[in-house]
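One letter stands for each residue in the lines below.
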Amino acid sequence: GAVVSQHPSRVICKSGTSVKIECRSLDFQATTMFWYRQFPKQSLMLMATSNEGSKATYEQGVEKDKFLINHASLTLSTLTVTSAHPEDSSFYICSASDPGGGDYEQYFGPGTRLTVT
Amino acid sequence: AQRVTQPEKLLSVFKGAPVELKCNYSYSGSPELFWYVQYSRQRLQLLLRHISRESIKGFTADLNKGETSFHLKKPFAQEEDSAMYYCALSVSRGAQKLVFGQGTRLTINP
């Protein structure tokens, strides 16, 4: 089946620094990738939709200058949290759609836990 | 606004008992609904979708537009069903932007 990986699985960074999270589709080409954020014991909230070769579409309330998303190839999207603050600490999950599947099912990565100290 | 509500955060049943995980949605368009499952230390994965009307691992879910519900059911729970279950609504066909419910943690007691 379709596999999506994320790297790193967990990261700790200092307040004010930037951190990059990678999302890769390992065995299929993903036209669309999605980035979610999950707070402890809460649901997943869509942050942005990323289409290969074009600018990401951000959900209302998500700062595009803070959460930079790049989808430079059909197998890689990156999320960069710029000038991170403790309130950015969260679990970030990506998913990818496989258009070859015909129904655009989303395949999820394992998530990245970000802790900002 | 689109919204998915799962009223039960926790649900505990005994092995062999019937299970029903509730999901209600709010959406003005034509809904596409999904159930996702997350087993311990594993990633989120699709369990079933209302369009396919299939039964996966003994689970079924029927879309009731009148009650705006998409409850997940299984007649006889098994221990391996213990997991976190999320109901999700697609608000963009093709691109499949998903709105998730809060999730229900299902525990099957032996």
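Residues numbered from 1 in each chain as written. Chains lettered and ligands numbered in written order. Predicted model: local features only at pLDDT ≥ 70, side-chain atom pairs only at ≥ 80, totals over all residues. Heavy atoms only, no water.

Check the secondary structure of chain A and you find zero helices and 11 strands. Ordering the α and β elements of chain A from the N terminus gives β-β-β-β-β-β-β-β-β-β-β. Taken over the C-alpha trace, chain A has a radius of gyration of 13 Å; the compact-globule value for 117 residues is 13 Å, and the two agree within 12%. Each of the 117 residues in chain A was classed as buried or not, and the buried ones make up 49%. The long-range fraction of contacts in chain A, counting pairs at least 24 apart against all pairs at least 6 apart in sequence, stands at 54%. (Helix = DSSP H or I, 4+ residues; strand = E, 2+ residues; numbered from the N terminus. Rg over C-alpha atoms; globule rule 2.2 N^0.38 Å. Buried < 20%, exposed > 50% of the residue type's maximum accessible area, 1.4 Å probe, protein only. Contact = heavy atoms within 4.5 Å.)

So, about the side chain of Ser 43 of chain A. Among the secondary structure elements, Ser 43 of chain A is positioned in the loop between strand 4 (32–38) and strand 5 (44–51). A relative accessible area of 6% means that Ser 43 of chain A is categorised as buried. Looking at Ser 43 of chain A, its side chain comes within polar contact range of the main-chain oxygen of Gly 101 of chain B, at 2.3 Å. (Polar contact = N/O pair within 3.5 Å; in protein donor to acceptor, adjacent residues only side chain to side chain.)

With that settled, the discussion passes to the sheet that holds strand 8 (residues 72–74) of chain B. Adjacent strands of a sheet pair through backbone hydrogen bonds, lying either parallel or antiparallel. Residues and elements named next belong to chain B. With antiparallel pairing, the three strands of this open sheet are ordered in space as 3-8-7. Here the strands that pair on one side only, and so sit at the sheet edges, are strand 3 (19–21) and strand 7 (60–61). Here strand 7 pairs with strand 8 via two bridges, running antiparallel. Each residue of the ladder has a partner; that of Ala 61, found in strand 8, is Leu 72. (Pairing = 2+ DSSP bridges.)

At the junction of the two partners, chain A supplies 18 residues and chain B supplies 14 residues. Here chain A packs against chain B, burying approximately 1500 Å² in sum over the two surfaces, 48% of which is carbon and sulfur. At the surface where chain A touches chain B, the tally comes to two salt bridges. A salt bridge links Glu 105 of chain A to Arg 49 of chain B; the shortest N-O distance between them is 2.9 Å. Our count for the chain A to chain B interface comes out at six residue pairs in polar contact (both at pLDDT 80 or more). When residues of the side of chain A that touches chain B are traced back to their parent elements, those giving at least two are strand 4, strand 5 and strand 10 (106–108) of chain A. (Buried area = accessible area lost by both parts, 1.4 Å probe. Salt bridge = Lys/Arg side-chain N within 4 Å of Asp/Glu carboxyl O.)

Here the focus is the state of the cysteines. Two cysteines whose sulfur atoms are joined by a covalent bond form what is called a disulfide. This structure, assessed with the given rule, holds two disulfides over all chains. Here Cys 23 of chain A pairs with Cys 94 of chain A through a disulfide, and the sulfurs are 2.0 Å apart. Every disulfide takes its handedness from the sign of the S-S torsion; for Cys 23 of chain A and Cys 94 of chain A that torsion is 80°, giving right-handed. Pair noted here: Cys 23 of chain A is in strand 3 (residues 19–25) and Cys 94 of chain A is in strand 9 (residues 90–97), with a separation of 71 residues, a long-range link. Note on Cys 23 of chain A: relative accessible area 0%, which makes it buried. Sulfur-sulfur distance for the disulfide between Cys 23 of chain B and Cys 87 of chain B comes to 2.0 Å. The disulfide joining Cys 23 of chain B to Cys 87 of chain B has a torsion of about -65° about its S-S bond and is therefore left-handed. Note that Cys 23 of chain B is positioned in the loop between strand 3 and strand 4 (24–26) and Cys 87 of chain B in strand 9 (residues 83–90), a separation of 64 residues in sequence. Assigned by exposure class, Cys 23 of chain B and Cys 87 of chain B land together as buried. Of all cysteine sulfurs, the one in Cys 94 of chain A lies closest to Cys 13 of chain A, which takes part in no disulfide; the gap is 18 Å. (Disulfide = S-S within 2.5 Å.)

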